[in-house]
Amino acid sequence: VQLQASGGGLVQAGGSPRLSCAASGSISTINAMGWYRQAPGKQRELVARIISTGSTNYADSVKGRFTISRDSAKNSVYLQMSSLKPEDTAVYYCNVVVFTVWDGNRDYWGQGTQVTVSS
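These notes cover the structure that comes with them. (Residues numbered from 1 in each chain as written. Predicted model: local features only at pLDDT ≥ 70, side-chain atom pairs only at ≥ 80, totals over all residues. Heavy atoms only, no water.)

So, on to the pairing of strand 4 (residues 29–38). Strand 4 sits mainly inside the fold: seven of its ten residues count as buried. Pairing analysis gives nine bridges linking strand 4 to strand 9 (residues 90–100), with the strands arranged antiparallel. Its bridge partner lying in strand 9, Ala-32 is registered against Val-97. Of the strand pairs in this sheet, strand 4 and strand 5 (residues 45–51) are connected by six bridges, and their pairing is antiparallel. By the bridge assignment, Gly-34 is partnered in strand 5 with Arg-49. (Buried < 20%, exposed > 50% of the residue type's maximum accessible area, 1.4 Å probe, protein only. Helix = DSSP H or I, 4+ residues; strand = E, 2+ residues; numbered from the N terminus. Pairing = 2+ DSSP bridges.)

Here is the structure:
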């Protein structure tokens, strides 16, 4: 399974960029798709996640500002970001949890896309 993320870059505070991530390869069942981020000197943290039922959860720091969505037909997940703050600056990683009978749930990660918010 390969993940290709796009979007991000340098944005001004208050901006509203959109991140996209498409999964390809041998995909049977996707149980969850999500976005994580890692700021310099910090651990990677969950930003937003959407599971197979459509249920979502968000980090408290982004609730009300970020929206995660998916297109199951395209095996894609999106993160609409708004009201960006400098503290949102991080490398954002796409994550997909794929279930197979022989392997159970397995995590796959995208290459990461940099989001830098200027004040």
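Now, onward.
Residues Trp-35, Leu-79 and Tyr-92 are the most contacted members of the largest nonpolar core, which totals 29 residues. Secondary-structure elements contributing two or more residues to this core are strand 1 (2–6), strand 3 (18–24), strand 4, strand 5, strand 7 (66–71), strand 8 (76–81), strand 9 and strand 11 (113–118). If sequence neighbours within four positions are ignored, Leu-79 has contacts with Pro-17, Arg-18, Leu-19, Trp-35, Val-47, Ala-48, Phe-66, Thr-67, Ile-68 and Tyr-92. (Core = buried A, V, L, I, M, F, W, Y, C linked by side-chain atoms within 4.5 Å. Contact = heavy atoms within 4.5 Å.)

For the coordinates displayed, the defined rule picks out one aromatic pair. Ring centres 5.0 Å apart and planes at 65° place the aromatic pair Tyr-36 and Trp-109 in the edge-to-face group. Taken together, the residues span a long stretch of sequence, with Tyr-36 in strand 4 and Trp-109 in strand 10 (residues 104–109) at a distance of 73 residues. Accessibility expressed as a relative area gives 19% for Tyr-36, which makes it buried. Note that Arg-18 overlies the ring of Tyr-78, its terminal NZ or CZ placed 4.2 Å from the centroid. Over the ring of Tyr-93 we find Arg-44, and its NZ or CZ is 3.7 Å from the ring centre. (Phe/Tyr/Trp six-rings, centres within 6.5 Å; stacked < 30°, edge-to-face > 60°. Lys NZ or Arg CZ within 6 Å of the ring centre and 35° of its normal.)

A few words now on the pattern of salt bridges. A complete count under the given rule lists five salt bridges for this structure. Here Lys-63 ties to Asp-60 by a salt bridge, and the two come within 3.1 Å at their closest N and O atoms. Between Asp-103 and Arg-106 there is a salt bridge, and its shortest N-O distance comes to 3.6 Å. Residue class for Asp-103 comes out partly exposed when judged on its relative accessible area of 39%. Classification of Arg-106 by relative accessible area gives partly exposed; the value is 44%. (Salt bridge = Lys/Arg side-chain N within 4 Å of Asp/Glu carboxyl O.)

Here Asn-95 lies in strand 9. A distance of 2.9 Å separates polar atoms of two side chains, one belonging to Asn-95 and the other to Asp-107. If we skip the residues at most four places from it in the chain, Asn-95 touches Leu-3, Ala-32, Met-33, Gly-34, Tyr-36, Asp-107, Tyr-108 and Trp-109. (Polar contact = N/O pair within 3.5 Å; in protein donor to acceptor, adjacent residues only side chain to side chain.)

Within strand 9, nine of the eleven residues are buried, leaving the element largely enclosed by the surrounding structure. Relative to strand 11, strand 9 runs antiparallel, the two being bridged by three bridges. By the bridge assignment for strand 11, Val-91 is matched with Gln-114. Taken together, the six bridges between strand 9 and strand 10 define a ladder with antiparallel strand orientation. Each residue of the ladder has a partner; that of Val-97, found in strand 10, is Asp-107. The antiparallel hairpin formed by strand 9 and strand 10 contains three residues in its connecting segment.

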